[in-house]
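Given next are the chains, with one letter for each unit.
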Amino acid sequence: MITLIGIVTNITSIITKEKNIILKSISIDSNDGLFQGYLVIGVGNATILNDLIKKIRNIKGVKDVQRSNN
């Protein structure tokens, strides 16, 4: 069974291993075993961000990853 803690740990592990990425904040809401999270990260350029998105999408239990333009 995939747990919320396991998925968050995997996501933060990927981010902390990257040299040019800074995790500024993370917010997670859970409902009926599903969760939605918002991460604010600092990256050097769009290529780094796109590579990070691909890595997060490959985590078991992650259904979707989207970039916000806020």
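**Comments concerning helix α1 (residues 4-17)**
The first and last C-alpha atoms of α1 sit 20 Å apart over 14 residues, in line with the 20 Å expected at 1.5 Å per residue. Burial in α1 covers these residues: Ile7, Val8, Ile11, Ile14 and Ile15. Looking straight down α1, one finds its buried side chains confined to an arc of 130 degrees; they lie on one side. Residues of α1 that are exposed and point more than 90 degrees away from the buried face comprise Ile5, Thr16 and Lys17.

**Brief notes about the nonpolar core**
Across soluble globular proteins, you tend to see nonpolar side chains buried next to one another. Core analysis: the biggest nonpolar cluster contains 13 residues, and Ile11, Leu52, Ile56, Ile59 and Val62 have the highest contact counts within it. With sequence-adjacent residues up to four places away left out, isoleucine 59 is seen in contact with Asn10, Ile11 and Ile14.

**Describing the environment of isoleucine 14**
Structurally, isoleucine 14 is set in helix α1. Between the C-alpha atoms of isoleucine 14 and lysine 55, which are 41 residues apart in sequence, the distance is 7.6 Å. Apart from the residues lying within four places of it in its own chain, the contact partners of isoleucine 14 are Leu52, Lys55 and Ile59.

**Let's talk about the pattern of salt bridges**
In a structure, side chains of opposite charge can pair up when their charged atoms sit close to one another. Within the structure shown, the criterion is met by 1 salt bridge. Lysine 55 is the partner of glutamate 18 in a salt bridge, and the nearest nitrogen-oxygen pair spans 2.5 Å. Placement of the pair is glutamate 18 in the loop between α1 and β1 (21-31) and lysine 55 in helix α2 (residues 46-57), with a sequence separation of 37 residues. The exposure class of glutamate 18 is partly exposed, given its relative accessible area of 27%. Taking relative accessible area as the criterion, lysine 55 reaches 38% and is therefore assigned partly exposed.

Each value, and the rule that gives it
- Residues numbered from 1 in each chain as written.
- Predicted model: local features only at pLDDT ≥ 70, side-chain atom pairs only at ≥ 80, totals over all residues.
- Heavy atoms only, no water.
- Helix = DSSP H or I, 4+ residues; strand = E, 2+ residues; numbered from the N terminus.
- Expected span 1.5 Å × (residues − 1).
- Buried < 20%, exposed > 50% of the residue type's maximum accessible area, 1.4 Å probe, protein only.
- Arc of directions from axis to C-beta.
- Core = buried A, V, L, I, M, F, W, Y, C linked by side-chain atoms within 4.5 Å.
- Contact = heavy atoms within 4.5 Å.
- Salt bridge = Lys/Arg side-chain N within 4 Å of Asp/Glu carboxyl O.

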